[in-house]
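Residues per chain are reported as follows:
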Amino acid sequence: MLRPVLYIADKLKDVFTDDARYRTIDSTRNQFKVAYSGIETFNLNSGNGYSYEKTVTHNFGYVPQVLCWGYSIKDVGSGVVGIDNQLSIFPFNDYVLADPTKKLFVASIDKTSTYVKFKVYEDNTEIYGADPQPASYELTGLKLRYLIFVDAEA
Amino acid sequence: MSIRAILEIAKSGEDLRTIGAVDKALDSTLFLPKIYAVKKVSPVRTTEYEPTTLTYAHGRGYPPMFITYREQQYLWDNSSMPEFDPVRYTFETGTETVKQKMNSTNFINEDCGWYSRDHYLILFLNPLEDPATAPEPTSHNSPRLKIGEDLRNTPDYEASIDSKYQTLKVHTQDQLVCSLPAWNSTDVDYSRFDWFEVAHGLDYPPVFAPFGVDSSGLDLNLCYQGDLADIPSDFVVNDIVNKMWEGRNWYNEFLNPTEFFETLWLFVDSSKLYLGYRRLNLSFGNQTFPARTVRVNYTIFNLPINEEFNLLS
């Protein structure tokens, strides 16, 4: 049985004679498509326990592919932790001064068959032998940018 | 009420009248992230034993979405570790303390390791943050399919489909199942690598997922905050990719929490996808590491990691 196809090639490439990787559109292959996307602005402070979560309920019945990027932290001088407003890909950790006297900054994703949860928080773990224990730091104006694809992990 | 034209194409064997979005190869009601460039970024090393930097001025005027892969000849770029011939590529996020970062002018990594090789940036036209002034739509001078609203006045990245740009086209998806045998380690035989592989059927190293297992590897002790019996006998890598970053402080919480370490890596080269698994016994005694079944749900895309292009040039 014949199946209609849609091929579109890169400029200066031939859809029939050049390798398939030069097709920008190829209906014989799945192309990853975004179901949900967004930008979130949030703070970490004593009011929220230095923890932020953004939950997107998708109810796909399978675990989707996800990409997320967000701001991290930096030393803004005199040991004060501030926001680094450049975007890094999730998941990641950050320390200021590579020193556990400030709490570990965690950027992470939970993915399930019904929701995706983006998490940014300061880790409250007590550090062995540290005196004093790690201190929290307030951050105002953190951001994260996410894409949740309709396409499954496998 | 205005009528909106849409383009939907079902995956092979599916009926467009009855399927959901996941079974459509193309669906203009959902946007396709648009890849405008793959760029090789080479590390700059000014003096030995000093941080090696990566910088690329992308020219977009806003921070574009990106993912990165890193070329390695040796595991950890360390010549005492297993060598890869041909070279392999792994997803990259940056180190524990030095991230890869994107701003409105540059992609930056302030310390990618003393012996780091080339990195490859997969750059999307879509912004991480909206620019103060939206760019003009571009011309193409070649047949073009573009679907979206107000196409003459909005940036190309606002279109749901634009055939000028590359997309994440799936070559194959499957699960790699790795049967790790039990291993009796000793004070002499204290480190073991097991490698598992699957041919991807392309003749170039392809962009691949899962995203997030980077060149430092996935530390299973941190993922499960334990060792040996704390790590399941059967687990899926995709389920724990983020757990390592949540468990990072476990090494700091206890004095010497373990002497038995398990780490895995994911790589591609021009013919295969690899999972490497290392078990390490630092107790100076005997220890049996249990058998495990390690599964990874992978996606191979029809896009070379190491073939540069720029569709805006």
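Residues numbered from 1 in each chain as written. Chains lettered and ligands numbered in written order. Predicted model: local features only at pLDDT ≥ 70, side-chain atom pairs only at ≥ 80, totals over all residues. Heavy atoms only, no water.

## Some words on the overall build of chain A
(1) Moving on: Each helix and strand counted, chain A has zero helices and 10 strands in total.
(2) Moving on: Relative to the 2.2 N^0.38 estimate, which gives 15 Å for 154 residues, the radius of gyration of chain A is 21 Å and therefore markedly larger than a compact globule would have.
(3) Moving on: In chain A, which comprises 154 residues, the proportion classed as buried is 55%.
(4) Moving on: Element-wise, carbon and sulfur atoms account for 48% of the exposed surface of chain A, whose accessible area totals about 6600 Å². (Helix = DSSP H or I, 4+ residues; strand = E, 2+ residues; numbered from the N terminus. Rg over C-alpha atoms; globule rule 2.2 N^0.38 Å. Buried < 20%, exposed > 50% of the residue type's maximum accessible area, 1.4 Å probe, protein only. Areas by Shrake-Rupley, 256 points an atom, 1.4 Å probe, with all protein chains shown as cover.)

## Focus on the pattern of salt bridges
(1) Moving on: All chains considered together, the criterion is met by 31 salt bridges over all chains.
(2) Moving on: In this structure, A:Asp110 engages A:Lys119 in a salt bridge whose closest nitrogen and oxygen atoms are separated by 3.1 Å. This pair shows no difference in class: A:Asp110 is buried, exactly as A:Lys119 is.
(3) Moving on: The residue B:Glu129 makes a salt bridge to A:Lys143 at a minimum N-O spacing of 3.4 Å. (Salt bridge = Lys/Arg side-chain N within 4 Å of Asp/Glu carboxyl O.)

## As for unusual backbone geometry
Excluding glycine, residues mostly carry a negative phi; peptide bonds, for their part, are mostly trans.
(1) Moving on: With an omega of -5°, the peptide bond between A:Phe90 and A:Pro91 qualifies as cis.
(2) Moving on: Mapped onto the fold, A:Pro91 is located in the loop between β6 (81-89) and β7 (92-94).
(3) Moving on: Cis peptide bonds are those with omega within 30 degrees of zero, and the linkage from B:Asp85 to B:Pro86 qualifies with 10°.
(4) Moving on: Its place among the elements puts B:Pro86 in strand β6 (residues 83-92).
(5) Moving on: Residues other than glycine seldom take positive phi values, yet B:Phe284 does so here, at roughly 65°.
(6) Moving on: Within the secondary structure layout, B:Phe284 lies in the loop between β19 (272-281) and β20 (287-289).
(7) Moving on: Of the residues examined, B:Phe284 reaches a relative accessible area of 73% and is grouped as exposed.

## Side note on the packing of aromatic side chains
(1) Moving on: Enumeration over the complete set of coordinates arrives at 26 aromatic pairs over all chains.
(2) Moving on: The interplanar angle of 65° and the centroid separation of 5.9 Å between the aromatic rings of B:Tyr224 and B:Phe235 together place this pair among those described as edge-to-face. You can see B:Tyr224 sitting in helix α1 (residues 220-224) and its partner B:Phe235 sitting in strand β17 (residues 234-236), a full 11 residues away along the chain.
(3) Moving on: A relative accessible area of 3% means that B:Phe235 is categorised as buried.
(4) Moving on: Through a chain of ring-to-ring contacts, three or more aromatic side chains come together here, namely A:Phe32, A:Phe149, B:Tyr69, B:Phe91, B:Phe208, B:Phe211 and B:Phe301. (Phe/Tyr/Trp six-rings, centres within 6.5 Å; stacked < 30°, edge-to-face > 60°.)

## Looking at the nonpolar core
(1) Moving on: Core analysis: the largest hydrophobic core is formed by 99 residues, its most contacted members being A:Phe118, B:Ile67, B:Val237, B:Leu264 and B:Leu275.
(2) Moving on: Residue contributions to this core peak at seven residues, all from strand β10 (residues 139-152) of chain A.
(3) Moving on: The contact partners of A:Phe118, leaving out residues within four places of it in the chain, are A:Tyr52, A:Glu53, A:Lys54, A:Val56, A:Val66, A:Cys68, A:Ser108, A:Ile109, A:Leu144, A:Tyr146 and A:Ile148.
(4) Moving on: Counting residues in hydrophobic clusters, the runner-up holds eight residues, among them A:Ile8, A:Ile25, B:Ile9 and B:Leu32. (Core = buried A, V, L, I, M, F, W, Y, C linked by side-chain atoms within 4.5 Å. Contact = heavy atoms within 4.5 Å.)

## What to know about the sheet that holds strand β8 (residues 105-111) of chain A
Residues and elements named next belong to chain A.
(1) Moving on: Across the sheet, four strands lie side by side as β4-β9-β8-β7; this open sheet has antiparallel pairing. Of all the strands in the sheet, the pair left with one neighbour each is β4 (51-57) and β7. Shown here is a sheet whose adjacent strand axes are inclined to one another by a mean of 10°, direction ignored.
(2) Moving on: Summarising the sheet, β7 and β8 pair through three bridges and their orientation is antiparallel. By the bridge assignment, asparagine 93 is partnered in β8 with valine 106. (Pairing = 2+ DSSP bridges. Axes fitted to C-alpha atoms, helices over the stretch in contact; angles between N-to-C directions.)

## Focus: the interface of chain B and chain A
(1) Moving on: With 75 residues of chain B at the contact, the number on the chain A side is 61 residues.
(2) Moving on: At the boundary of chain B with chain A, total buried surface from both sides reaches about 6000 Å², with 57% on carbon and sulfur atoms.
(3) Moving on: Counting the contacts that link chain B with chain A gives six salt bridges.
(4) Moving on: If you tally residues by element for the side of chain B that touches chain A, the top one is strand β21 (residues 292-304) of chain B, at six residues.
(5) Moving on: Here the residues of the side of chain B that touches chain A sort into 37 nonpolar, 21 polar and 17 charged. (Buried area = accessible area lost by both parts, 1.4 Å probe. Nonpolar A, V, L, I, M, F, W, Y, C, P; charged D, E, K, R; others polar.)

## Looking at a nonpolar patch on the surface
All names here are of chain B.
(1) Moving on: Taken together, the side chains of Tyr49, Trp114 and Tyr115 define a hydrophobic patch exposed on the protein surface, amounting to about 370 Å² of accessible area.
(2) Moving on: Structurally, tryptophan 114 is set in the loop between β8 (106-109) and β9 (119-127).
(3) Moving on: For tryptophan 114, a relative accessible area of 40% puts it in the partly exposed group. (Patch = residues over 30% accessible without salt bridge, like charges linked within 9 Å, V, L, I, M, F, W, Y side chains within 5 Å.)

## A word on the pairing of β8(A)
A regular strand carries its side chains on alternate faces of the sheet.
(1) Moving on: Counting buried positions along β8(A) gives six out of seven residues, so the element sits mostly inside the fold.
(2) Moving on: Counting the residues in the hairpin turn of β8(A) and strand β9 (residues 115-122) of chain A gives three residues.

## So, the side chain of A:Asp10
(1) Moving on: With respect to the helices, strands and loops of the structure, A:Asp10 is situated in the loop between β1 (7-9) and β2 (23-26).
(2) Moving on: Of the side chains bearing the opposite charge, A:Lys13 lies closest to the buried A:Asp10, which forms no salt bridge; the N-O distance is 6.7 Å.
(3) Moving on: Excluding residues that lie within four positions of it along the chain, A:Asp10 makes contacts with A:Tyr22, A:Thr24, B:Lys164, B:Gln166 and B:Leu311. (Lys, Arg positive; Asp, Glu negative; His and termini not counted.)

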